[in-house]
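Understanding the architecture of this molecule
Residues per chain are reported as follows:
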Amino acid sequence: MAKNKHFIVLLVIGMLFLMLFYGKAITNPNGILFNDSGDAIKNYYTYAYHINNDSSYTNFEGMNYPYGEHYLYTDCHPILANTFKFLGDELPFLKTQSIGVLNFFMLFSILLTFIVVYFVLQEFSLNKWFCVAFSIAITLLSPQLFRLEGHLALSYSFAIPLSWFLLIRALKTPKKGVYILLFLNTVFWLFIHAYLGMIILAFLVAFLFSKVLLDQERKQKLIKYSVLFIVLLVPLLTFYSYAKLSDTHTDRTDNPSGFFLYNAELDDVFLPNHPPLKPVFDLISGNTIKQEWEAWSYVGLATTILFVAFIVTLFLWGFNKNKRKKLSLYFSDSYLNASLLAAFLVLLFAMAFPFRLFPDLLDVFPILKQFRATGRFAWPFYFVALVFAAYVFQKKYANLSRKKGLVFITAVITLTIIEGLYYHIELSKKIVEQPNVFKKELLKDEYIEALNTIDENKFQAIITLPFYHQGSETFSRTINDNAVRSSIIFSYHTKLPLVNANLTRVSVNESKNIVQLISPSYYRKELQNDLKSAKSFLIVKVNEELSKYENDLYKKATSVYKRNNIELLAITPQVLFENTGEIEKQKFELLKDSLSQNQGFYVSDANSFVYYNNYENMPSEFCFRGKGAYEGVKKGKNIFAEFEPNTFTNEKEYHISMWMHNGEKDALNLWLRLIVEEYDEANEEWFSTTLLPEYSEVIYGDWSLVEGTFKIKDANNKVYIVSKGKDNSKAHLYADDLLIREVSNAVYKLEDGNLFYNNHEIVAL
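Fair warning: this is a prediction, and the values are worked out from it, not measured in the lab.

Here's the deal with the packing of helix 1 (residues 5-27) against helix 18 (residues 402-430)
Put simply, helix 1 and helix 18 touch, their axes get as near as 9 Å, and they point 40° apart. The orientation of helix 1 relative to helix 18 falls into the category oblique. Contacts between helix 1 and helix 18 pair Phe17, Phe21 and Tyr22 from the former with Leu421, His424, Ile425, Leu427 and Ser428 from the latter. When its residues are assigned to classes, the contact of helix 1 with helix 18 shows 6 nonpolar, 2 polar and no charged.

Details of the nonpolar core
Within the largest apolar cluster, 178 residues are counted, with the highest numbers of intra-cluster contacts made by Tyr22, Phe124, Phe134, Trp164, Phe438 and Phe490. When neighbours within four sequence positions are excluded, Tyr22 is seen to be in contact with Phe17, Leu107, Ile110, Leu145, His424, Leu427, Ser428 and Ile431. Counting 37 residues, the second-largest nonpolar core is a separate cluster that includes Leu465, Leu517, Leu546 and Ala746.

Concerning the sheet that holds strand 8 (residues 536-542)
Taking strand neighbours across the sheet as the criterion, the 4 strands line up as 5-8-10-9 in an open arrangement whose pairing is mixed. Where the open sheet ends on each side, the last strands, each with one partner, are strand 5 (459-465) and strand 9 (558-563). Taking the axes of each pair of neighbouring strands and ignoring which way they run, one obtains an average angle of 20° across the sheet. Packing of helix 19 (residues 445-452) onto the sheet brings it into contact with strand 9 and strand 10 (566-571), and relative to strand 9 it is tilted by some 150°.

Let's talk about the environment of Ser226
When you line up the elements, Ser226 lands in helix 10 (residues 222-246). What makes Ser226 partly exposed here is its relative accessible area of 33%. Considering only alpha carbons, one finds Ser226 and Pro520, 294 residues apart in sequence, at a separation of 60 Å.

Considering the packing of aromatic side chains
Following the criterion strictly, the structure yields 75 aromatic pairs and no others. Between the aromatic rings of Phe158 and Trp189, the centroid separation amounts to 5.3 Å while the plane-to-plane angle is 70°, which identifies the pairing as edge-to-face. Of this pair, Phe158 sits in the loop between helix 6 (128-140) and helix 7 (159-172) while Trp189 is found in helix 8 (residues 176-192), placing the two residues 31 residues apart along the sequence. Among the aromatic side chains, those forming a connected cluster through ring pairs are Tyr195, Phe259, Phe260, Phe349, Phe355, Phe371 and Phe377. For the cation-ring pair, Lys211 lies above Tyr335, with the distance from its terminal atom to the ring centre recorded as 4.6 Å. Directly above the aromatic system of Tyr554 lies the positively charged group of Lys541, at a separation of 5.2 Å from the ring centroid.

Examining the sheet that holds strand 23 (residues 747-751)
The strands making up a sheet are joined through hydrogen bonds of the backbone, oriented either antiparallel or parallel. Pairing is antiparallel across the open sheet formed by 5 strands, whose spatial order is 11-12-23-24-25. The outermost strands of the open sheet, each flanked by one partner alone, are strand 11 (596-598) and strand 25 (760-762). Between one strand axis and the next, the sheet turns by 30° as a mean value, whatever way the strands run. Here strand 11 pairs with strand 12 (residues 601-603) via 3 bridges, running antiparallel. Bridging from a neighbouring strand, Ser596 pairs with Val603 of strand 12. Along the sheet face, helix 24 (residues 581-591) touches strand 12, strand 23, strand 24 (754-757) and strand 25 and points at about 110° away from the line of strand 23.

The rules behind the values
Residues numbered from 1 in each chain as written. Predicted model: local features only at pLDDT ≥ 70, side-chain atom pairs only at ≥ 80, totals over all residues. Heavy atoms only, no water. Axes fitted to C-alpha atoms, helices over the stretch in contact; angles between N-to-C directions. Helix = DSSP H or I, 4+ residues; strand = E, 2+ residues; numbered from the N terminus. Parallel < 35°, antiparallel > 145°, perpendicular 65-115°, else oblique. Contact = heavy atoms within 4.5 Å. Nonpolar A, V, L, I, M, F, W, Y, C, P; charged D, E, K, R; others polar. Core = buried A, V, L, I, M, F, W, Y, C linked by side-chain atoms within 4.5 Å. Buried < 20%, exposed > 50% of the residue type's maximum accessible area, 1.4 Å probe, protein only. Pairing = 2+ DSSP bridges. Phe/Tyr/Trp six-rings, centres within 6.5 Å; stacked < 30°, edge-to-face > 60°. Lys NZ or Arg CZ within 6 Å of the ring centre and 35° of its normal.

Here you go:
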């Protein structure tokens, strides 16, 4: 007992801390969600739906109907979800209490972090009481805590130090059992969340590389190092091979956006992001420092001061051999030195170095584009920096008198613990506020009442309005939290899959077919070819504004329940996929005699503004109509039209539409924009209305109709219609049939049996 007293004290402190801050969550883990919006509710849903409702172990069927999605792409804690799914029949609580089990695991990981960090510190010969104190400080300040609010599978703060510890043990005592543990540990984290697994692997490989580089006897240890590299890389190859072989979905983008969006910077690592010190730094800086949430890896004020002191000292003593030797005493542990170098290398990647300086390097290493939040790679530096700080502070303590040493070390540890406590004060209150919507008895009355009206046997899937669809980055509809939450509730409890999706790497072609569902009914919907059921669709509509095309779909359905925020409707496949092209042509024939002529069009208002350019003077391989189209590249700026001052009127609202080719890979993604630019020459000001082709609701074959409305600030300004793409865009750009009209004006033309209606192409089938 006496021998283990330090560990027992730590264990007691850890458990008391958990009960004090998270007791309400721990005693009722199945009654709450840590967050019921954003990524959090989606990640809870994919996990719970896979365990309870999916018929497949590898295909998640809850979203992206009728295709589903490979479960590794859903953030569903894959290894836990499949384990609980497999054991659920024998251990039913794993299904009925699946949310509670997950919540408990995530909170229990805080206690595991206390323990694992304690053993990591022991590897560097710290006094055991120091190990207790610093493990508490390091755990409390861990940046992964905030992932409990959304990225659930990234919240396990013991994952990085545990992996680090196992590699240190494998290096110090190269035994078969340790190698196996290291291998299984790496596989486990890859199958918890591929991102977390890759962060761990990047750090471990960098650590092993650094150890080899710094080892003067590396030639004699070549076999040991080679075996360890294999132990680390085989899990990655295993994971990659499994993902490829078990994935039935094709045509995922290999050129996702976002690599430069969420990078770390030094302020994310060395400046506070929470009270008590953040308000002080905001006051000093005039609130000019903007930190990136994805990169939060604050090491604490004490560690920040230590690193600044080292840099200053190194600069002042750099040319003094004797003083350099004194400084080197703090770098006497070869394992810690290798860890520091490795953590620094991974931190550079977190900062997108050297890719920010040389963006074209990403094309040399395209696999790196898969990381849209490189800032997370700062987490290993957090752990290594604080362990190094503890190591240095102990040495500093040993060089001081007992009284001064106690004051010094107490101040350092207390300050770090206080900074970390603010994290938990904030989070512990937030994570118990939302009820577990996957327990029917905890739902609001309107949901329970609505669910009781549904006969799920009559429906094949759920369509949610407003319609959301995220994942492919080429064909998308914006996320609405209210719509996502409501649709997830109905999907989980009815076991009906969602046509909608809120995922990460959905097949481009699958998303194209699904988003086209919202296109006007006079376009043939490719999705109907992939349906295997003749049952109706259940429409879940929440009380949010609908687009014109969403409203058209809503009007075709039959209401079956309505209360407060929720309305349920039913629509048969026959009605959903009915082509109304002939009806629209008949409507035009009835209107034709009442319409006026303008530039070869029939218009509802003869005096209304109409601009149309079919680019027939620019022959192109890809044309929407005729034989000409604008042809360019996505990169940079394309000018489609220029308008002199006084072309437009201040008070009027205009509708712009243009067909853009979507048939080429990466044609519409990567922040391509169609922009109405207005230039005030006198004041040298630009005003813009921006449309994103990726979010177009109208898809017709290999073309998307990009449309929206705009008003101008001043009739005396010049106006330009342009596109803008990122400078590293490589795809071609094809655009055709630019139409600008006043919103109140309808524009028609009958040509070759097809009806031109406000730039739509209506072909009767």
